[in-house]
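# An overview of the molecular structure
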Amino acid sequence: MIYINARKENRNDYQFVITKINENAKGYIIANGVKKKFKFANFNSYKIDIKKDDSLVKKAFSKKVYIYRKDKKLDKYNLVLLLNESGTFPIDWQ
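Since the structure is predicted, the reported quantities are computational estimates derived from the model, not experimental observations. (Residues numbered from 1 in each chain as written. Predicted model: local features only at pLDDT ≥ 70, side-chain atom pairs only at ≥ 80, totals over all residues. Heavy atoms only, no water.)

### Section: the overall build of the chain
Along the chain, the regular secondary structure elements total 1 helix and 7 strands. In the chain, the order of α-helices and β-strands from amino to carboxyl end is α-β-β-β-β-β-β-β. Every one of the 94 residues in the chain was classed for burial, and the buried ones make up 32%. For the chain, the accessible area works out to roughly 6300 Å², and carbon and sulfur atoms hold 52% of it. (Helix = DSSP H or I, 4+ residues; strand = E, 2+ residues; numbered from the N terminus. Buried < 20%, exposed > 50% of the residue type's maximum accessible area, 1.4 Å probe, protein only. Areas by Shrake-Rupley, 256 points an atom, 1.4 Å probe, with all protein chains shown as cover.)

This is the structure:
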């Protein structure tokens, strides 16, 4: 199941504003948008600093996930976190 989730996330584009954050008992995070969900299957999400209303961007087959946070004064998103692929199944396998 982990491989299937990792493969699916690898092949899809993700670009959404986070509307909900779920954290499991081990501290791993699932970011939900209005229509999409990102489980960080290939990326270490343990105790990362993301918040509701941040923007998540991951291009298909990319080894990076970008998290942007909105500066309310400037009404502009700024990069606050860059995650590199660190999954059990390297993206190159998928």
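### A short note on the nonpolar core
Ranked by internal contacts, the top residues of the largest apolar core, which has 14 residues, are F16, A31, F38, F40, I50, L56 and V65. Among the secondary structure elements, those contributing two or more residues to this core are β1 (14–17), β3 (29–32) and β6 (64–71). Not counting residues within four places of it along the chain, the set of residues in contact with F38 comprises E9, Y14, F16, I29, I30, A31, F43, L56, K58 and V65. (Core = buried A, V, L, I, M, F, W, Y, C linked by side-chain atoms within 4.5 Å. Contact = heavy atoms within 4.5 Å.)

### Regarding the side chain of K58
Relative to the elements of secondary structure, K58 occurs in strand β5 (residues 55–58). Put simply, K58 is tucked away with no salt bridge, and the nearest opposite charge, on D13, sits 6.2 Å away. (Lys, Arg positive; Asp, Glu negative; His and termini not counted. Salt bridge = Lys/Arg side-chain N within 4 Å of Asp/Glu carboxyl O.)

### Some thoughts on unusual backbone geometry
A positive phi is found at D53, a non-glycine position, where the angle reads about 80°. Within the fold, D53 resides in the loop between β4 (37–38) and β5. Of note, the phi angle at F61 is positive, near 65°, even though the residue is not glycine. Along the chain, F61 turns up in the loop between β5 and β6.

### A closer look at the sheet that holds β3
As summarised here, the arrangement of the 3 strands in space is β2-β3-β4, forming an open sheet in which the pairing is antiparallel. For this open sheet the edge positions go to β2 (20–23) and β4, each flanked by a neighbour on one side alone. Sheet topology note: the β2/β3 ladder contains 4 bridges and is antiparallel. Across the sheet, residue E23 finds its bridge partner in β3, namely I29. (Pairing = 2+ DSSP bridges.)

### Side note on the packing of aromatic side chains
Under the counting rule described, the total for this entry stands at 4 aromatic pairs. Pairing F38 with F40 gives two aromatic rings, centres 4.9 Å apart and planes at 80°, and the pair type is edge-to-face. Overall, F40 belongs to the buried group, its relative accessible area being 3%. Aromatic ring contacts, followed pair by pair, group Y14, F38, F40 and F43 into a single cluster. Against the face of Y14 rests K36, its NZ or CZ located 5.2 Å from the ring centre. (Phe/Tyr/Trp six-rings, centres within 6.5 Å; stacked < 30°, edge-to-face > 60°. Lys NZ or Arg CZ within 6 Å of the ring centre and 35° of its normal.)

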